[in-house]
Amino acid sequence: MVESTHISFEIEGLSCASCVGRAERALKAVPGVLSAGVNLATSYADVDADGVDAATLVKAVSEAGYPAVIENARFEVEGLSCASCVGRAERGALAVPGVIDASVNLATSTATVSWLKGSATRADVSRAITQAGYKVTALDPEAPTHSLDEKRGDEAADLWRDTVIAAALTLPVFVLEMGSHFIPGAAAFVDATIGQYNSWLLQWILVTIVLVWPGRRFLTEGFPALFRGAPEMNALVALGTSAAWLFSTVSLFAPSLLPAGSRAVYFEAAAVIVTLILFGRWLEARAKAQTGSAIRSLLDLQPSTAQVRRGGEWEDTQISDIVQGDVILVRPGARIAVDGEIVEGQSFVDESMITGEPVPVEHSSGDAVIGGTVNGTGALHVRATAVGGDTVLAGIVRMVEQAQGAKLPIQAVVDQVVRWFVPAVLVAAFATVLIWLLFGPTLSHALVAGVSVLIVACPCAMGLATPTSVMVGTGRAAELGVLFRKGSALQTLSQVQTIAFDKTGTLTAGRPELTDIAVADGHDEASVLAAVAAVEAFSEHPISAAIVRAAEERGLSRTDASDFMSVTGMGVRALVDGADVIAGAARFMEQEGVDLGSLGPLAIGWAGEAKTPVFVAIDGKIAGAIAVADPIKPEAAELVARLRENGVQVAMITGDTVETANAVAQKLGIQNVIAGVMPDGKARAVSGLKGNGVLAFVGDGINDAPALAAADVGIAVGTGTDVAIETADVVLMSGHMTGVLNAVDMSAKTMRNIRQNLFWAFAYNTALIPVAAGILYPFWGVLLSPMLAAGAMAMSSVFVVSNALRLRRMGANA
C-alpha cells in the first residue's frame, strides 16, 4: 500500500462549482497526487499525495487561476554552529507537510519559513526544527531586531567569559608541557621539582575543568548531534578534544593498556583547541554583530518618545502607545516620531535618511511627513497617519531584513557540498588513524593526525561565506538609499547586461516645465505670459499647470479671465481684460486663421528637441510661442554614460511619441529606443530585450508595474507609486538616478566578496585536510599540531566575516 501525505490548505478565487472543478483537475494532474478535493464553502483544498512537495501544488493551482494562501514567519534558531547545522535545520522545516520554502541564515541565526495556510502552523515548524536538534523561538514581526541584537551581545559576553576562563586554565598546562620548546631547561626543572607524574596529574585536573566548564558547549551539543547521526562542527571538536583527553588519561592512569613506546599526553592540545576555538567564536560573534549595524542605525532614527496632545495637554508618550489620529508636537531640531500630516506650522525637514537628498524640503499645513526625518527651525503639529509596523521606516527595516535573510542561488552549490562534508571528514579522520596505525611509527602519531583532521575541517567558514556578505551588502545599500526587496536580485543584478529605462518620471522629472518663450513684434514676454496664464488657470492639463507655475515664479499678476472654453485636442480660449486670448497647438491657430509668422519655424525646432510648442494669439493675431517640456533629470546623461563605460547596454521604453523619445534619447546617448507602447506593450518590450542577456528595468509609475515584473530585475524609483514599488526587486528611495549605479555597484562588489569568501573557505579545507592527515610527514617529517589546526580553523571564520565587513566602506556614486 502506498504511504501518502495529506495536505489541507486554503486557496483564493473560488466563486462557483466550475471553479472547484478546475482547481481539482489542476491538482489531480500533478504526478504523485493520489486524490484531491476542493470545498467551495471553506475555500480549502484537501490533497493526498506521495512524494509531491508543497511548491508543486502551489504552482498547479496558481496556474489554474486559484492562488494558494501563503503564510510566512521568522524564527530565531539557537545552536547553529556551521553550514551543516543550516542544512539540517532547513531539512527539518521542509519535512513539515505544506511547507513551501525554508531558509536558515547562519550569520543571523534566523530561519524564514513559508507554508500553505491551513496545512501547518508556527508550532509545527518550531517542533520540526527542534527535533532536528536546535532551540527555536518565533520572532515578533513588529520588532525582531532589538531582541536579536541583545542576544548576540549576551552571546559575545558569554564567549568572552568562557575564553578568559579557558585561557587562564590552559596557560599553566601549556607552560608545563610546551615550556621546554621556548625556555631552555624548563622540562628538567619540572622533573626536578614536582616530577613528570605530578605535572601530568595537574594538567589532567586543569584540562578536565576546561572541557567540562568553558568547553562544555562542544560536548553537550556535539555528542548528541553525533548520536542522532547528524554530526556538525561541535561534534568534530568534541571528538577531537575527547580523543586527545582520553588517550592522555589512559597514558597517565593506565599506561599498560597502550603499546610500548606510545605513552604520551596531549592535554595541552585539548585545552588549547578549546581556548582557540572559543576565542575565534568570540571574534566571530563580535564581527557578526557589526553586520547588523545598518538595521540598528535605521531603527535608531526613530525616537523612543514623543509629545502627544491628550486632553488639551502635551504629554511625553512612548512611541508604542501612539495611535492613528494622535497629534504630536515636533520641536525644532527634533526627529518626527511617526508618519503623519502637518496640521499646524511650517518648517524645513531634512529627509536625507529616506531620499538621500541633502537639501531640506519645505513643508507646511496639509503636507505629509515621514517618521525618522529631522525637523528644522519651525515647530510642527503632526497628526499621526501611520504608526508601528505601518510606517515607512518600519517598511524599510522589513525590506532590509528580508533581503539579509534571503538565500542566494549561489548558496545552493555550497549546500550540496556541505551536506556531505562533515560525514566525509569523519571518514577521512578514521582513514587517517587507520593508515597511521598500519604504517606509522606510533599510536600517538595516529592520534595527532586524526585529531588534526577533525579540528581543521570544521565547515564554519563555508556557512558564513554567503550570508555575512549579503547582510553587510544589503545593509550598506540601504544606507545609500537602495533597498533590495528580494535577496536574489543581489546576485542577478551583478550579471546585468542591459538596463532599460522608462522615460517619464524616471529619466525625466515627470512634470512639464516652461523652457522657452518667444514673442511677436509689439509684445513683451511678461504681458504674453500673464495673459496666457490667466486662461490656462482654468485648465487641469499638465502643460497648463506648467505655464501657470512659470507665471507665478516670475511674480506676474494674473488677471481674471471670463468666458473660458476648452477645445478638445486643440487648446483653450477666454477673454482677458476684454481681449480674446487663445492658446494651443499650431492646428488651433490654423483653424482660427492666425498666421504664425516667424514663430512657426521656431516651434518646429522646439519639437525636434522634445519640447511641446504652445502658440498664443490675442485678438486674432499671433502674440507669442511658449515651449513646455518634461526636463531631463540633471544626472541622467552621466548615468547613461557611466553604465555604457561599464559595458552595460542602455535602452529606453516609453509610451511617448517616437519624435519626443528620439529627442530625449539623443541627448542622453541612448541608441536603443522603443516608443509609443502601451503599458502591456512595455512588458512585451522587456521580454523582447531579454535575448541580450540579464535585463533590468527601471520605472516609477503604475503603468511600469508589468514591465518591472517581466524584467530579470525590476528597479523602482522610490518617489513613484506604491504599485511599482511592490512589484520591484530593488527600490531606489530617492528619485536620484545615481541610485541605479549604487545598486549595480553594490551588487557586483557583494558577489565578488562572496566569491572571495567561498574560495577561501573551500581552498582552506582542500589544502589543510591533507596536511593535517600527515601527507608532508614522509618527506619533511612535518605533522600539523592539533593546536595549529584549531587556530587555523578559528581564523578562517574570522577572515570570512572580516572580509564581508569591508563592504561597509563602499562609498556612494555621486
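Residues numbered from 1 in each chain as written. Predicted model: local features only at pLDDT ≥ 70, side-chain atom pairs only at ≥ 80, totals over all residues. Heavy atoms only, no water.

- As recorded by an unreviewed UniProt entry, the protein chain carries the name Cu+-exporting ATPase and is attributed to Litoreibacter janthinus.
- Quoted verbatim from the Subcellular location (unreviewed entry) heading of the UniProt record, the comment on the protein chain is "Cell membrane".
- Under the UniProt heading Sequence similarities (unreviewed entry), the entry covering the protein chain gives this text: "Belongs to the cation transport ATPase (P-type) (TC 3.A.3) family. Type IB subfamily." (UniProt positions renumbered as here; feature names shortened; annotations may be inferred.)

Things to note about the overall build of the protein chain
At step 1: Secondary structure summary: the protein chain contains 30 helices and 29 strands in total.
At step 2: Oriented by its inertia axes, the alpha-carbon framework of the protein chain measures out at about 125 × 70 × 65 Å.
At step 3: The contacts of the protein chain with a sequence gap of at least 6 include a subset with a gap of at least 24, amounting to 69%.
At step 4: Accessible surface, the protein chain as shown: approximately 34,900 Å² in total, 57% of it carbon and sulfur.
At step 5: Within the protein chain, the 80 negative side-chain charges are centred at a point lying 8 Å from the centre of the 55 positive side-chain charges. (Helix = DSSP H or I, 4+ residues; strand = E, 2+ residues; numbered from the N terminus. Contact = heavy atoms within 4.5 Å. Areas by Shrake-Rupley, 256 points an atom, 1.4 Å probe, with all protein chains shown as cover. Lys, Arg positive; Asp, Glu negative; His and termini not counted. Charge placed at Lys NZ, Arg CZ, Asp CG, Glu CD.)

Thoughts on helix α7 (residues 196–212)
At step 1: The end-to-end C-alpha distance of α7 is 24 Å, a good match for the 24 Å that 17 residues give at a rise of 1.5 Å each.
At step 2: Inspection of α7 places Ser199, Trp200, Gln203, Leu206, Val207, Thr208, Val210 and Leu211 among the buried residues, and these make up the whole buried set. (Expected span 1.5 Å × (residues − 1). Buried < 20%, exposed > 50% of the residue type's maximum accessible area, 1.4 Å probe, protein only.)

Topic: the side chain of Gln203
At step 1: Topologically, Gln203 is positioned in helix α7.
At step 2: The exposure class assigned to Gln203 is buried, which follows from its relative accessible area of 0%.
At step 3: Once residues lying within four places of it in the same chain are set aside, the contact partners of Gln203 are Val173, Leu176, Glu177, Val265 and Phe267.

Quick word on the UniProt feature "transmembrane region" (unreviewed entry) in the protein chain
At step 1: The feature "transmembrane region" (unreviewed entry), as given by UniProt, occupies residues 197–215, 236–258, 264–283, 417–439, 445–466, 758–780 and 786–805 in the numbering adopted here.
At step 2: With 84% helix and 0% strand, the stretch residues 197–215 has end C-alpha atoms that lie 25 Å from each other.
At step 3: Helix makes up 78% of residues 236–258 and strand 0%, whereas the separation of the span's terminal C-alpha atoms amounts to 24 Å.

A short note on the domain arrangement of the protein chain
At step 1: The assigned domain composition of the protein chain is domain 1 (5–147), domain 2 (148–292), domain 3 (305–390), domain 4 (406–481 + 749–813), domain 5 (485–508 + 632–733) and domain 6 (513–629).
At step 2: Relative placement of domain 4 and domain 6: their C-alpha centres are 73 Å apart. (Domains from an automatic or database assignment.)

Notes on the UniProt feature "domain: HMA" (unreviewed entry) in the protein chain
At step 1: As recorded in UniProt, the sites labelled "domain: HMA" (unreviewed entry) are residues 5–69 and 71–137.
At step 2: End C-alpha to end C-alpha, residues 5–69 measures 19 Å, and it is 34% helix and 29% strand.

Some details on the pattern of salt bridges
At step 1: In this structure the tally under the stated criterion is 17 salt bridges.
At step 2: Residue Arg310 is joined to Asp326 by a salt bridge in which the shortest nitrogen-to-oxygen separation is 2.6 Å. Here the residue Arg310 occupies a position in strand β8 (residues 305–310), and Asp326 occupies one in the loop between β9 (313–318) and β10 (327–330), the gap between them amounting to 16 residues.
At step 3: In this structure Asp326 comes out as buried when scored by relative accessible area, which is 11%.
At step 4: A salt bridge links Lys749 to Asp745, with the shortest nitrogen-to-oxygen separation between them at 3.5 Å. In this pair, Lys749 and Asp745 both sit in helix α28 (residues 738–773), four residues apart, roughly one turn of the helix.
At step 5: The exposure class assigned to Lys749 is partly exposed, which follows from its relative accessible area of 28%.
At step 6: Residue class for Asp745 comes out partly exposed when judged on its relative accessible area of 23%.
At step 7: Among the ionic contacts, a cluster of salt bridges with common partners joins Asp158, Arg161, Asp162 and Arg217. (Salt bridge = Lys/Arg side-chain N within 4 Å of Asp/Glu carboxyl O.)

Structural notes on the side chain of Thr498
At step 1: Here Thr498 shows up in strand β18 (residues 498–502).
At step 2: In this view, Thr498 contacts Val648, Gln649, Asn692, Val694, Leu695 and Ala696; residues no more than four positions away in its chain are not counted.

A closer look at the packing of helix α14 (residues 410–439) against helix α16 (residues 460–479)
For any two helices packed against each other, the geometry is given by the interaxial angle and the distance between the axes.
At step 1: At their nearest, the axes of α14 and α16 sit 10 Å apart, and the two run at 165° to each other. With respect to their mutual orientation, α14 and α16 come out roughly antiparallel. Relative to α16, α14 is oriented so that their crossing is left-handed. Two secondary-structure elements touch here, α14 through Ile410, Gln411, Val414, Val418 and Phe421 and α16 through Met462, Thr466 and Pro467.
At step 2: When grouped by side-chain class, the residues that make up the contact of α14 with α16 number six nonpolar, two polar and no charged. (Axes fitted to C-alpha atoms, helices over the stretch in contact; angles between N-to-C directions. Parallel < 35°, antiparallel > 145°, perpendicular 65-115°, else oblique. Left-handed = near helix turned anticlockwise from the far one by under 90°. Nonpolar A, V, L, I, M, F, W, Y, C, P; charged D, E, K, R; others polar.)

Side note on α28
At step 1: Over its 36 residues, α28 runs 53 Å from end to end, which matches the ideal 52 Å to within 8%, given 1.5 Å per residue.
At step 2: Downstream of α28 by one or two residues, Gly774 has phi in the positive range, about 105°.

Comments concerning the pairing of strand β6 (residues 110–116)
At step 1: Counting buried positions along β6 gives six out of seven residues, so the element sits mostly inside the fold.
At step 2: Pairing geometry for strand β4 (residues 70–78) and β6, over seven bridges, is antiparallel. Across the sheet, residue Glu71 finds its bridge partner in β6, namely Trp115.
At step 3: Here strand β5 (residues 99–105) runs beside β6; their pairing, made up of six bridges, is antiparallel. Its bridge partner lying in β6, Ser103 is registered against Thr112.
At step 4: In sequence, β5 turns back onto β6 through a hairpin of four residues, with Ser109 there showing a positive phi of about 55°. (Pairing = 2+ DSSP bridges.)

Brief notes about the nonpolar core
Soluble, globular proteins show a tendency: their nonpolar side chains are buried together.
At step 1: Among the nonpolar cores identified, the biggest contains 143 residues, and Phe484, Ile499 and Phe501 are the most heavily contacted of them.
At step 2: With 13 residues, α28 is the single largest residue contributor to this core.
At step 3: Non-local contacts of Phe484, meaning those with residues more than four positions away in its chain, are made with Met399, Ala403, Thr474, Ala477, Ala489, Leu490, Leu493, Asp729, Val730 and Ala743.
At step 4: Among the nonpolar cores identified, the runner-up in size contains 25 residues, and Val535, Ala550, Ala623 and Ile626 belong to it. (Core = buried A, V, L, I, M, F, W, Y, C linked by side-chain atoms within 4.5 Å.)

A closer look at the sheet that holds strand β13 (residues 361–363)
At step 1: Spatially, β13-β12-β15 is the arrangement adopted by the three strands of the open sheet, whose pairing is antiparallel. Unpaired on one side and paired on the other, β13 and β15 (374–375) mark the two borders of the sheet.
At step 2: When strand β12 (residues 347–350) meets β15, the two strands line up antiparallel, connected through two bridges. Opposite Val349, over in β15, you have Asn375 as the bridge partner.

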